[in-house]
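# Examining the three-dimensional arrangement
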Amino acid sequence: MNRQHRAVAVIGAYGHTAAFVLAELRRRGLAPVLVGRDATRLRAAARTHPGAETHAVSLADPASLDRALSVAEAVINCAGPFADTAAPVIDAALRAGIPYLDVAAEQAVALETFERYALRARVAGVVVAPSVAFYGGLGDLLARAAMGDWPDADDLTIAIALDSWLPTRGTRATVRRNAGRHLVFTGNRLVPPPPPPASPTSPEGPPRTETWPFPPPLGVQEVTALSTADQVTISRHLRVPEIRVRINHAPLRDLGDPGTPPPTAADGSGRSAQTFVVDVLARRAGEERRATASGRDIYAVTAPLVVEAAVRILGGRARRAGVAAAGELFDAPDFLRALDPAHLTYTAPGAHRP
């Protein structure tokens, strides 16, 4: 296989999200190259992709990564925890001179990618796009779309509602790996979150209940603060001093319960029955603008997000080289419309929401 076949390497090709990414690459006419650290699981994954090239690699062996990426035009990293995998794969992508994308939801990894690789990627003329996933890229694109022609905003809120959250093994590993490393973006800075709210019996009284008016059929939901990669990526290209992320309570209860099972397919595509809404509100000088996306399965929707980004980068439609967020690289409304209605429903700023 050579680069004229438009091959895209997928790191961690036997993972849950990677299965959707591989299928989407094939649907878009690209040739996936299956790459992973576990040779046995890699061979099993390859059985569903006959003819695809496979490479077993070790993160401690840069030469093995170089061989895997030598046949690819781009690389999509689906192997978490990304705190362990992002740096060696980005280094290999820069050596190969090919675009790097990942689906990390890890704040610390996104932040390190911007800080460590901004100069190297720009000088190399290579696009490095972190967190092009449900947690990260989707909120980033919606934030850019919501702001429209505003040069800045007073604040942004990304409100997320899931009807449930059946976490994958990778999600649970990532949660454990990133415990205590969360940040919030306030006062134009990423800082540790404030202490937990007061308890009902404290002198300050019970904590204030925060709600969010999601579109029908969800309606008003109680929400709580969440730290996500969106706060890192948005702060890198939009002038907003306050970036808040909120999520409803049900998915956090699921995630916190060790007995919650992993996701199961509800249709032939492998998607689960889980539904989501991401509602982004931008405020500026008393005005409000919002952009909303809804759909099914946060893991499955990551695939069209990251593959659409890869297709646009390979087609020369990225706005610049270097480390950049999805909303900075692409025309956000056009990108979101490209996913509607096959993968999600996008409600543009100012549009009527049923």
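Look above for the structure.
Source: prediction; values computed, not measured. (Residues numbered from 1 in each chain as written. Predicted model: local features only at pLDDT ≥ 70, side-chain atom pairs only at ≥ 80, totals over all residues. Heavy atoms only, no water.)

### Looking at the overall build of the chain
When helices and strands are tallied, the chain shows 12 helices and 16 strands. Its C-alpha atoms give the chain a radius of gyration of 20 Å, near enough to 20 Å, the size a compact globule of 354 residues would have. Among the 354 residues that make up the chain, the fraction classed as buried is 52%. Counting only contacts in the chain whose residues sit at least 6 apart along the sequence, the fraction spanning at least 24 positions is 71%. Looking at the chain as shown, the accessible area adds up to about 15100 Å², and 53% of this sits on carbon and sulfur atoms. (Helix = DSSP H or I, 4+ residues; strand = E, 2+ residues; numbered from the N terminus. Rg over C-alpha atoms; globule rule 2.2 N^0.38 Å. Buried < 20%, exposed > 50% of the residue type's maximum accessible area, 1.4 Å probe, protein only. Contact = heavy atoms within 4.5 Å. Areas by Shrake-Rupley, 256 points an atom, 1.4 Å probe, with all protein chains shown as cover.)

### Some thoughts on the sheet that holds strand β15 (residues 322–323)
As summarised here, the arrangement of the 7 strands in space is β3-β2-β1-β4-β5-β6-β15, forming an open sheet in which the pairing is parallel. Edge positions in the sheet fall to β3 (54–56) and β15, since each of these pairs with one other strand and no more. Looking at chain direction, strand β6 (residues 127–129) and β15 are connected through 2 bridges and run parallel. Across the sheet, the residue bridging to valine 127 is glycine 322, located in β15. (Pairing = 2+ DSSP bridges.)

### What to know about the environment of aspartate 279
Among the secondary structure elements, aspartate 279 is positioned in strand β13 (residues 275–284). Between the C-alpha atom of aspartate 279 and that of alanine 161, which follows or precedes it by 118 residues, the distance is 8.4 Å. Here threonine 292 takes part through its side chain, which lies 2.6 Å from a polar atom of the side chain of aspartate 279. (Polar contact = N/O pair within 3.5 Å; in protein donor to acceptor, adjacent residues only side chain to side chain.)

### Focus on unusual backbone geometry
Note the cis peptide between glycine 80 and proline 81, where omega equals -10 degrees. Of note, the bond from aspartate 340 into proline 341 is cis; its omega dihedral lies within 30 degrees of zero at 10 degrees. Tracing the sequence through the fold places proline 341 in the loop between α12 (332–339) and β16 (345–347). With a phi close to 65 degrees, asparagine 188 is a non-glycine residue in the positive phi region. For asparagine 188, the location among the structural elements is in the loop between β8 (184–186) and β9 (189–191). Using a relative accessible area of 52% as the deciding quantity, one classes asparagine 188 as exposed.

### Comments concerning helix α4 (residues 82–96)
For α4, spanning 15 residues, the distance from its first C-alpha to its last is 20 Å, which sits close to the expected 21 Å at 1.5 Å a residue. A large share of α4 lies buried, amounting to 11 of its 15 residues. Regarding α4, the residues found buried are Phe82, Thr85, Ala86, Ala87, Pro88, Val89, Ile90, Asp91, Ala92, Ala93 and Leu94. Buried-residue contacts for α4 involve β1 (7–11), α3 (62–69), β4 (74–77), β5 (100–102), α5 (107–124) and β6. Where α4 terminates, the next one or two residues include glycine 97, which has phi positive at roughly 75 degrees. (Expected span 1.5 Å × (residues − 1).)

### Quick word on the packing of α3 against α4
Where α3 meets α4, the axes come as close as 9 Å, and the angle between the chain directions of the two elements is 55 degrees. Considering the angle they form, α3 stands oblique to α4. The crossing of α3 and α4 is right-handed. On α4, the residues touching Pro62, Leu65, Asp66 and Leu69 of α3 are Pro88, Val89, Ala92, Ala93, Arg95 and Ala96. (Axes fitted to C-alpha atoms, helices over the stretch in contact; angles between N-to-C directions. Parallel < 35°, antiparallel > 145°, perpendicular 65-115°, else oblique. Left-handed = near helix turned anticlockwise from the far one by under 90°.)

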